[in-house]
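Secondary and tertiary structure notes
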Amino acid sequence: MSDGPPPAQLPRREFLRETATAPALLATASAADSREAVPTDPQRPLNVLFIMTDQQRADCVGVNGNDIIRTPNLDRLAAESANFARAYVQSPVCVPSRASFFTGRYAHAHRNRVNYTPIDRRTVLLPERLHAAGYQTALVGKLHLFYQMPPSSENAKKTGFDSVLLHDGTQSTDGWSDYARWRNERDPLRRLHYRALAKDDAELASTLPPGANPFRAAVEEQYTDTSWTSLKTREALKRLAADDRPFFLYSSFWKPHSPFEVPQPFDALYNDVDFELPKPESLDDIQRLPLPLQKLILRGKKPPYDMDRRTLNWIYRSYYGCITHIDREVGAILETLAETGQADNTIVVFTSDHGDQLLEHGLMGKNVFFEASVRVPLMMRLPGRIAPRRYDQLVETIDVMPTLLELSGAPIPEDCHGQSLANLLTGASAETSTRDAVFSENIIPEVITSGSLDFEFVPGKGIKGIRHPDAKMVRTERWKYNYYPEGFAELYDLANDPAEQHNLANDPAHRETVAELKGRVLDWLITATEADQIARRWQV
């Protein structure tokens, strides 16, 4: 198959010219746009196309209330999907969150709590469950879930995939990256790492125009991991669709995860935008937060909480540019799906593993329970079966796996903590249970020992003086309560303080609310795994 750009992709110069005058042309024209949805044949097994980005905030999709970001393809997908406005991850960090997506279980149950930790070999993941149900299973891009290291394609296949094209996206994993090998065979600038910035290479820096984005990537767009993931996903779709068996295809993009390098033309799409940036946080502000959060935010030699506003504005421009790049590729993927004739028989999922603080509360990245980190975009499309509209119910991302299994006719495992949303989405039954609370949990501060960081966990001592760094969150319609052992807590009234600026946990006027929500956390920890605690012989 060709390694060239997709037919619907505009040439770079034309793309720049067209988008400068008509942002709507960022969209990939889809063959499905002018076609009425055909009701899904209930006798045909359903395919699953699962698209995941990394570190994309829920509010960084145009249709979700963002008037600045250009995401015409995701907006169109949302209009054709169940678009969940309040979807929450069960752990705001890559590996634990992905483990929850693929097991339907909370992190304290699957016990994968820290990045680059092998998952328990007894754990059965979503691709293996669908494989056992007769599905072809394929991965393109970032997995981040392995029973054993190194993070290689062979080890990725052991999690349930028939075919794997792997790219976990960091220099330390490049030795096992199919993308890195592919790029090194094609890119004239292979001497530079794919995360390199143009300004840091003397030859490229000399060509930069005044006012250029300092995060402009050195690598040209067609050689980026975003474009590679799209290309290989489209090739996989054509191959899988030619087989009579149903397929599960996991297309997993690294971006918009930091670092913030962004290729042309996407580096300049937001140059005229001065973003409404998060309010500056002083050291005094940060030191009023619970101690585990202080340790996380202030880690490293130069914590970024007081980053200069010009640099932060460029980061926002670049983050948005990366998402618009992904949006174009999602459009190309959905067009290819339509061309295969499988669009009406395929469940399409679009989501992200967690969000990004983007310096809200003084933090870059994630690992915290603020809305920017724990709330993610979530769309599910199935023409003729899933009613397309905005859904405002509280949902957890562990609900995705049982929903896919039920819609696909595969059995839902007894140890699944998630709730299938199939009845809610299809109207198949009036018996639809919705959550009145969602939960999340994380190790705070994060265990990380790369670079200049030495946040290791010491048994009996914890992390950097935090003896028990295991934090829990419960979020109801109105309240968010975050529990940290050793007496630390946060309580936010989301109805009146959506930016989570006023911690009410120690306010005597809210003592009863704190007690009630602390009880909810305790009950959740006790009851979530009750099926695991009682021998199968005693269960009906």
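What you see is a predicted model, and the numbers here were worked out from it, not measured in a lab.

Turning next to the sheet that holds strand 12 (residues 488-493). Backbone hydrogen bonds are what pair the strands of a sheet, in a parallel or an antiparallel way. With respect to topology, 4 strands assemble into an open sheet ordered 9-10-11-12, the strand pairing being antiparallel. Each edge of the open sheet carries a strand with a single partner, namely strand 9 (437-443) and strand 12. The average angle at which neighbouring strand axes cross in this sheet is 10°, direction not considered. The pairing of strand 9 with strand 10 (residues 470-476) spans 7 bridges and is classified as antiparallel. Paired with Glu 441 across the strands is Lys 472, a residue of strand 10.

A few words now on the side chain of Ser 408. One can find Ser 408 in helix 14 (residues 400-408). In terms of polar contacts, Ser 408 uses its side chain to reach the side chain of Tyr 135, at 3.4 Å. The residues contacting Ser 408, other than those within four sequence positions of it, are Val 48, Leu 130, Tyr 135 and Ile 347.

What follows covers unusual backbone geometry. The bulk of non-glycine residues show a negative phi, and the bulk of peptide bonds are trans. Of note, the bond from Met 149 into Pro 150 is cis; its omega dihedral lies within 30 degrees of zero at 10°. Here Pro 150 lies in the loop between strand 3 (136-141) and helix 6 (153-157). Between Ser 258 and the following residue, Pro 259, the backbone shows a cis peptide bond with an omega angle of 5°. Note that Pro 259 resides in the loop between strand 5 (247-256) and helix 10 (283-286).

Counting residues in hydrophobic clusters, the biggest one holds 68 residues, and the most contacted among them are Phe 50, Phe 84, Phe 102, Leu 143, Phe 248, Tyr 250 and Leu 404. The leading source of residues in this core is helix 14, at 5 residues. In this structure, Phe 50 is in contact with Phe 101, Phe 102, Phe 248, Leu 249, Tyr 250, Ser 251, Val 349, Thr 351, Val 400 and Leu 404, ignoring residues within four places of it in sequence. Judged by nonpolar contacts, the second largest core, of 32 residues, contains Val 61, Ala 236, Leu 249 and Ile 333.

With 91% of its residues at a pLDDT of 70 or more, the chain has an overall mean of 91. Taken together, the stretch residues 1-25 has pLDDT below 50 and engages in 36 contacts with residues farther than four places along the chain or on a different chain. Note that residues 27-39 has pLDDT below 50 and, in this model, 24 contacts with residues that lie over four places away or in other chains.

Another point: the sheet that holds strand 6 (residues 346-352). Sheet architecture is open: 8 strands sit in the order 4-3-5-1-6-7-2-8, paired in mixed fashion. Here the strands that pair on one side only, and so sit at the sheet edges, are strand 4 (163-166) and strand 8 (389-396). Averaged over all pairs of adjacent strands, the angle between strand axes in this sheet comes to 15°, irrespective of strand direction. Both strand 1 (residues 47-54) and strand 6 contribute to a ladder of 7 bridges, which runs parallel. In the strand pairing of strand 6, Ile 51 is matched with Phe 350. The strands touched by helix 2 (residues 72-79) are strand 2 (82-88), strand 6 and strand 7 (375-381); relative to strand 7, the strand with the most contacts, the crossing angle is about 60°. Along the sheet face, helix 9 (residues 225-241) touches strand 3, strand 4 and strand 5 and points at about 175° away from the line of strand 5.

A few words now on the pairing of strand 9. When you tally the buried positions in strand 9, you get 7 out of 7 residues, the bulk of the element. Covered by surrounding structure in strand 9 are Ala 437, Phe 439, Glu 441 and Ile 443 together with Val 438, Ser 440 and Asn 442, the residues of both alternating faces.

All right, on to the pattern of salt bridges then. Any two side chains of opposite charge can pair, given that their charged atoms come close. As enumerated under the stated definition, the model contains 42 salt bridges in all. A salt bridge links Arg 113 to Asp 470; its shortest N-O distance comes to 2.9 Å. Residue Arg 113 is found in the loop between helix 4 (107-110) and helix 5 (126-132), and its partner Asp 470 is found in strand 10; the two are separated by 357 residues along the sequence. Between Asp 392 and Arg 390 there is a salt bridge; the shortest N-O distance is 2.6 Å.

Take the packing of aromatic side chains next. The tally for this structure, following the rule as stated, stands at 20 aromatic pairs. Between Phe 161 and Tyr 250, the ring centres sit 6.4 Å apart and the planes meet at 10°, which makes this aromatic pair stacked. One end of the pair, Phe 161, is in the loop between helix 6 and strand 4; the other, Tyr 250, is in strand 5, and 89 residues separate them in sequence. Residues Phe 161 and Tyr 250 agree in their burial class; the two are buried. A connected cluster of aromatic rings, assembled from ring pairs, spans Phe 50, Phe 101, Phe 102, Phe 161, Phe 248 and Tyr 250. When the ring centre of Tyr 391 is taken as reference, the NZ or CZ atom of Arg 389 above it lies at 3.8 Å. Between Lys 464 and the ring centre of Phe 455, over which it is positioned, the NZ or CZ distance is 5.4 Å.

With that settled, consider helix 3 (residues 94-103). A large share of helix 3 lies buried, amounting to 10 of its 10 residues. Inspection of helix 3 places Cys 94, Val 95, Pro 96, Ser 97, Arg 98, Ala 99, Ser 100, Phe 101, Phe 102 and Thr 103 among the buried residues, and these make up the whole buried set. Following helix 3 by one or two positions, Gly 104 has its phi on the positive side, about 70°.

This part takes up the layout of surface pockets. Over the atoms rolls a probe the size of a water molecule, and in doing so it shows where empty space is left. Taken as a whole, the largest pocket spans an internal volume of roughly 1200 Å³. Lining the largest pocket are 41 residues; nearest its centre among them are His 257, Ser 258, Arg 299, Ile 448 and Ser 450. Grouping the amino acids of the lining of the largest pocket by side-chain chemistry returns 18 nonpolar, 17 polar and 6 charged. Within this model, the second largest pocket holds a volume of roughly 640 Å³. Around the second largest pocket, the lining comprises 31 residues; the ones closest to its centre are Arg 57, Asp 59, Glu 360, Ala 372 and Arg 375. Looking at the lining of the second largest pocket, the elements that each hand over two or more residues are helix 12 (309-339) and helix 13 (371-374). Class assignment for the residues of the lining of the second largest pocket results in 14 nonpolar, 5 polar and 12 charged.

Scoring rules and cut-offs
Residues numbered from 1 in each chain as written. Predicted model: local features only at pLDDT ≥ 70, side-chain atom pairs only at ≥ 80, totals over all residues. Heavy atoms only, no water. Pairing = 2+ DSSP bridges. Helix = DSSP H or I, 4+ residues; strand = E, 2+ residues; numbered from the N terminus. Axes fitted to C-alpha atoms, helices over the stretch in contact; angles between N-to-C directions. Polar contact = N/O pair within 3.5 Å; in protein donor to acceptor, adjacent residues only side chain to side chain. Contact = heavy atoms within 4.5 Å. Core = buried A, V, L, I, M, F, W, Y, C linked by side-chain atoms within 4.5 Å. Buried < 20%, exposed > 50% of the residue type's maximum accessible area, 1.4 Å probe, protein only. pLDDT = per-residue confidence, 0-100. Salt bridge = Lys/Arg side-chain N within 4 Å of Asp/Glu carboxyl O. Phe/Tyr/Trp six-rings, centres within 6.5 Å; stacked < 30°, edge-to-face > 60°. Lys NZ or Arg CZ within 6 Å of the ring centre and 35° of its normal. 1 Å grid on protein atoms, 1.4 Å probe; cavity = no way out; pocket = protein on both sides within 12 Å on 5 of 7 lines; lining within 4 Å. Points joined across faces, edges and corners; volume = space filled by probe spheres on them. Nonpolar A, V, L, I, M, F, W, Y, C, P; charged D, E, K, R; others polar.

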